[in-house]
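# Coordinate inspection notes
The lines below spell out each chain.
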Amino acid sequence: FVERVSRAHETLGLGADLLREGVSGRSRQPLCVEAEALVPVGDDVFGRPQRLTPAAARAWSQLQEAATQDEVSLQLVSAFRGVEYQCQLIERKLAAGQALDAILTLSAAPGFSEHHTGNAVDVTTEGSPALEEAFERTACFAWLQLNAARFGFSMSYPRDNPYGIAYEPWH
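In this text the structure is predicted, and so the values were computed from the model without any measurement. (Residues numbered from 1 in each chain as written. Predicted model: local features only at pLDDT ≥ 70, side-chain atom pairs only at ≥ 80, totals over all residues. Heavy atoms only, no water.)

## Considerations on the packing of helix H1 (residues 2-12) against helix H4 (residues 83-95)
Short version of the rule: Each axis is a line fitted through C-alpha atoms, and for a helix only the stretch in contact is used; angles between axes span 0 to 180 degrees, taken between their N-to-C directions. The helix and strand labels rest on DSSP assignments: H or I over at least four residues marks a helix, E over at least two residues marks a strand, and numbering proceeds from the N terminus. Our angle categories are set so that under 35 degrees counts as roughly parallel, over 145 as roughly antiparallel, 65 to 115 as roughly perpendicular, and the remainder as oblique. We call two residues contacting when some pair of their heavy atoms lies within 4.5 Å. Residue classes follow a fixed rule: Ala, Val, Leu, Ile, Met, Phe, Trp, Tyr, Cys and Pro count as nonpolar, while Asp, Glu, Lys and Arg count as charged, and any other residue, Gly among them, counts as polar.
The geometry of H1 relative to H4 is characterised by a closest axis approach of 10 Å and an angle of 5° between their N-to-C directions. Of the possible angle classes, the one that applies to H1 and H4 is roughly parallel. Judged by residue contacts, Arg4, Val5, Ala8, Thr11 and Leu12 of H1 engage Val83, Glu84, Cys87, Ile90, Glu91 and Leu94 from H4. Taken together, the residues of the contact of H1 with H4 break down into seven nonpolar, one polar and three charged.

Here you go:
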């Protein structure tokens, strides 16, 4: 795993020091080892099949069921992402002209994304653009604030988090 992460970092020009020291000016995010056992949890809002660990899949299903019972629209945007996929996400942003340091405030470096664990989800709700801060103004966000913890989910990147990752009310 660490070798694959190191290769991804080399590809992105991050250097090996990221694994030891973190990104300059930020607290080091914990290394997130890829899940090995994953189960399908349905398609995301873009029609892509998504997977989670069995325990996270059960919790996600229960969370969705509770939201539906409370007439809250809860939609999946993203679940498990491997190291290589995370690298490709960052490469696409680099190719679009974004600066690496700016990208790393929005996307964790390969090896450090909670999505690698198969226990993290990005969500949205009907009528809200995916992965936008405006999600925090939805009834779905308010419902998640009150209910997500009952199912083992929490917001990983609140405002001013120690990792220097931008506020992500959907994660």
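After that view of the structure, there is still more to cover.
## Quick notes on H1
Heads up, the condition is: The rule is simple: take the accessible area with a 1.4 Å probe, protein chains only, and divide by the maximum for that residue type; under 20% is buried, over 50% is exposed, in between is partly exposed. Arc, as used here, means the arc of the directions from the helix axis to the C-beta atoms.
Three or more residues of H1 are buried, namely Val5, Ala8, His9 and Leu12. Down the axis of H1, the smallest arc covering the buried residues is 100°, so these residues share one side. In H1, the exposed residues that point more than 90 degrees away from the buried face are Glu3 and Glu10. Phi for glycine 13, located one or two positions after H1, is positive at around 75°.

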